[in-house]
Amino acid sequence: MALLASYATHPRLSRGRLHAEPASTSGRSEFQRDRDRVIHSGAFRKLQYKTQVFLNHEGDYYRTRLTHSLEVAQISRYICRTLNIDEDLGEVLALAHDLGHTCFGHTGEDVLNECMAHIGGYDSNDQTLRILTELEERYPQFDGLNLTWETIEGLAKHNGPLTGKHADKKKHPHGASETVLSIDKLWPLEVDKHAGLEAQVAALADDVAYTAHDIDDGLRSGYITLEQMQGLPLVGPILAEIKKEFPDLTGKRQRHEMNRRLISLLVRDVMGETRKRLEEKKPQTPDDIRTAGITFVQFSDKLKPDERVLRSFLYDNLYRNFRVNRVRLKTTRVVKDLYNVFMERSDTLPEHWQTRIKPDATEKQRARVVADYIAGMTDRFAIDTHTRLFDISAA
């Protein structure tokens, strides 16, 4: 294995874990241990039954949060390896990035955020950190998974600094979340700086994966068609190339070839732009990455407008397709009903969750427990729980 670049995040130089632990006796690096802990966590397993775009029962071939996370991890590892930075850290950040997503994808998050708007709202990135530092119960010595500083920092700041002059106010209108601030008091996360390069790679790998793979699922569903996409940037020229090389190619082979080439195009652009920025800034250490004041891992200025057009097309034709909207209407009602009944009658929560609510708990404290419970539900468990609570004939 080639030596890592000087600005890579080296596992032997990790800032450690909040709760000190002896080094691995199996030869794993600290970031490999983090990856293994995430993969073996309950929250990760539940991603197999959480929505990406289509509900689990709508088809076996559509992506779930789990398969999406695995695809993000593959792209992240490849980019990290090619840039000569730590691919294990890039992998664990990709695998863990969606742990805080609720049942029913962004719909569930939007509903919880609306229900809790007057007490701080709900944010899936914040929930990811709650899971990893508090909610997972696996070890006798501590709550959470006790991951390394670099993994927690990368998840907290994968979209850039949370405070200070370099913070993106659109992405972080309220600055650092309560969970990040509580961690920061015990274990400073340098919230005014960028995350390391591996975290930036994982964040961009997420964009690459969901853009390409949502197109694939949309085409499989029939909600969008290749004919609609022929005039779009990025995809249109790829379809023309495929038609020229394989004039008789149709169906799923054509779709898969288009998807493969789109991912390759996006990844090549990211790596080219990242190398360009690294050459301009010439960072020598991981801290140089954090303090440079820029995001190194980005699409090029040439590609960004085309990528936005593609996202806009998906939003209008897939995410807001009338059939998707009908499902969204139903799932909105499920999450809202669950939240309201658990807030009004906490005695309907499982006993383990009831004990988390103290007798003198404020509305915000009760809501936090309710949100933790609902956010951890899979799609089918949420539907089943709703049926048991509101269908008098259900057992």
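What comes next is a walk through the structure.

Conventions and cut-offs
Residues numbered from 1 in each chain as written. Predicted model: local features only at pLDDT ≥ 70, side-chain atom pairs only at ≥ 80, totals over all residues. Heavy atoms only, no water. Helix = DSSP H or I, 4+ residues; strand = E, 2+ residues; numbered from the N terminus. Buried < 20%, exposed > 50% of the residue type's maximum accessible area, 1.4 Å probe, protein only. Lys, Arg positive; Asp, Glu negative; His and termini not counted. Salt bridge = Lys/Arg side-chain N within 4 Å of Asp/Glu carboxyl O. Polar contact = N/O pair within 3.5 Å; in protein donor to acceptor, adjacent residues only side chain to side chain. Contact = heavy atoms within 4.5 Å. Expected span 1.5 Å × (residues − 1). Core = buried A, V, L, I, M, F, W, Y, C linked by side-chain atoms within 4.5 Å.

### Focus on the side chain of E136
Thought 1: By the secondary structure assignment, E136 is in the loop between α6 (124-135) and α7 (149-156).
Thought 2: No salt bridge is formed by the buried E136, whose closest oppositely charged neighbour, R138, lies at an N-O distance of 4.1 Å.
Thought 3: Within the structure, E136 has its side chain in polar contact with the backbone nitrogen of G42 (distance 3.4 Å).
Thought 4: Each residue touching E136, except ones within four places of it in the same chain, is listed here: S41, G42, A43, I131, D143, G144 and L145.

### Focus: helix α12 (residues 251-281)
Every α-helix carries 3.6 residues per turn, so stepping three or four residues along brings you back to the same face.
Thought 1: Between its first and last C-alpha atoms α12 spans 46 Å; for 31 residues at 1.5 Å apiece the expected length is 45 Å, and the two agree.
Thought 2: The first or second residue beyond α12 is K282, which carries a positive phi of 50 degrees.

### Observations concerning the nonpolar core
Thought 1: The biggest cluster of nonpolar side chains holds 83 residues, and the ones touching the most others in it are V38, L99, L132, I215, M229, M258 and L262.
Thought 2: A total of twelve residues in this core trace back to one element, the largest contributor, which is helix α9 (residues 197-221).
Thought 3: With near-sequence residues (within four places) excluded, V38 lies in contact with F44, V92, L95, A96, L99, L132, L145 and L147.
Thought 4: Among the nonpolar cores identified, the runner-up in size contains 29 residues, and V111, V334, W353 and V369 belong to it.

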